[in-house]
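Residue-level structure breakdown
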Amino acid sequence: MSKQQLHITNGSHLTNVLNELNIQGVKLTWQELLCEGPTTEKVGSELFLETRKSFFTQFYNIDLDIEFIKSELDKFNDSENYSEIVLWFEYDLFCHINMIAIISLIQQKKMNLPLHLVCSGRIEGSKNLMGLSELSPEQLLNHYKNKVLLNKDDIDIATTVWGIYCGVDHTLLKPFIVKPSSFKYLSNCLKAHLERFPNSVDGLSILERNILQIIVKQSITSKHHLLGYALNYQGYYGYGDLQLERIINQLSMFYSVTEGEIELNRKGHEALLGHHNFALEIDNDMMYGGVKKIAFQFNKSKNKLVKSISNVN
């Protein structure tokens, strides 16, 4: 029996596209959003699965399909049948956190196989960053043809960043923003991650501030309308509907909804002007890997994370 490629995709839609393009090999579909919620360093362990299942139930009222995840992870156990592994992940934070978790898992399983990356983002002739599923068949096949072979340093960076992400001190991520690697968009994603923590002046994350600014700058008629803008203008985050809907609802103290219009209220204007730090007033039970969102604040003038006052020893 000849050996095959193992393709690890960022979702079922892309898996279907690869099948339609007749790209040969075993397909493993990774459907997670490890950029939110608690994680454990040992990906796929019982503790990992229990932790993620509890998170999805609590924050999104979703019953995580553990059996599907296990059936996909079982494909890692056939390493002797694979010639190489191809990762299909995009330019955004959503994809990058999943990607480094997968690379860490591959190392944990001691799969000593060539590891390639197919990653979309900046496309010639397009002003916008593009996801893999947004590419034409010709563009996608060209990306596949030019896939990047990850070297030992790349793999070490990915596993180290994953370990830090699962830990309690995310200030340790900052040196990796300037560390060269084959991951073209890792620097942007790590910068974006640090700015997900409350700003030290107003207590808003960059995503939260962006949503309030959209309300000010655009004529927003409904939460659904606001969601559309938030999805299109989120930069390197790659958040989906569920994630941004949750943030919009969390920010309800800052705006009023009337028939056909959403406007900032006084508190919303105060937040944008930095008159008060609202970090403790926003429901910030969210965890990023091993740390609570509220444990740190992002100091923009120093361009770094600092411990929140309540978390300083």
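Strand order across the open sheet formed by 3 strands is β3-β9-β10, with mixed pairing between neighbours. A strand with exactly one partner marks an edge of an open sheet, and here the two such strands are β3 (37-38) and β10 (291-292). The pairing of β3 with strand β9 (residues 287-289) spans 2 bridges and is parallel. Within β9, the residue paired with glycine 37 across the bridge is tyrosine 288.

Attention shifts here to unusual backbone geometry. Its identity as a non-glycine residue notwithstanding, asparagine 22 has a phi of 60°, on the positive side. If you trace the backbone, asparagine 22 turns up in the loop between α1 (12-20) and β2 (26-29). Overall, asparagine 22 belongs to the exposed group, its relative accessible area being 55%. One non-glycine residue with positive phi stands out, namely lysine 110, at about 55°.

Turning our eyes to something else, we now look at the layout of surface pockets. Unoccupied space between atoms shows up once a probe the size of one water molecule is rolled over them. What the largest pocket holds in volume is close to 1,100 Å³. Taken together, 38 residues make up the lining of the largest pocket; nearest its centre are Asp92, Gln234, Gly238, Tyr239 and Gly240. Breaking the lining of the largest pocket down by element, the ones donating at least two residues are α1, α2 (46-60), α3 (66-73), α4 (93-108), α9 (223-232) and α10 (241-250). Partitioning the lining of the largest pocket into residue classes produces 17 nonpolar, 14 polar and 7 charged. As a volume, the second largest pocket reaches approximately 230 Å³. Together, 15 residues line the second largest pocket, and Cys119, His143, Asn146, Val148 and Lys184 are the ones closest to its centre. For the lining of the second largest pocket, the secondary structure elements donating two or more residues are β5 (115-118) and α5 (137-145). Of the residues belonging to the lining of the second largest pocket, the class tally is 6 nonpolar, 6 polar and 3 charged.

Right, let's talk about the sheet that holds strand β4 (residues 82-88) for a bit. In space, the 5 strands of this open sheet follow the order β2-β1-β4-β5-β6, with mixed pairing throughout. What marks the edges here is a single partner per strand, and that holds for β2 and β6 (148-149). Packing against the sheet, α1 makes contact with β1 (4-9), β2 and β4, and its axis sits at approximately 165° to β2.

Cut-offs and rules
Residues numbered from 1 in each chain as written. Predicted model: local features only at pLDDT ≥ 70, side-chain atom pairs only at ≥ 80, totals over all residues. Heavy atoms only, no water. Pairing = 2+ DSSP bridges. Helix = DSSP H or I, 4+ residues; strand = E, 2+ residues; numbered from the N terminus. Buried < 20%, exposed > 50% of the residue type's maximum accessible area, 1.4 Å probe, protein only. 1 Å grid on protein atoms, 1.4 Å probe; cavity = no way out; pocket = protein on both sides within 12 Å on 5 of 7 lines; lining within 4 Å. Points joined across faces, edges and corners; volume = space filled by probe spheres on them. Nonpolar A, V, L, I, M, F, W, Y, C, P; charged D, E, K, R; others polar. Contact = heavy atoms within 4.5 Å. Axes fitted to C-alpha atoms, helices over the stretch in contact; angles between N-to-C directions.

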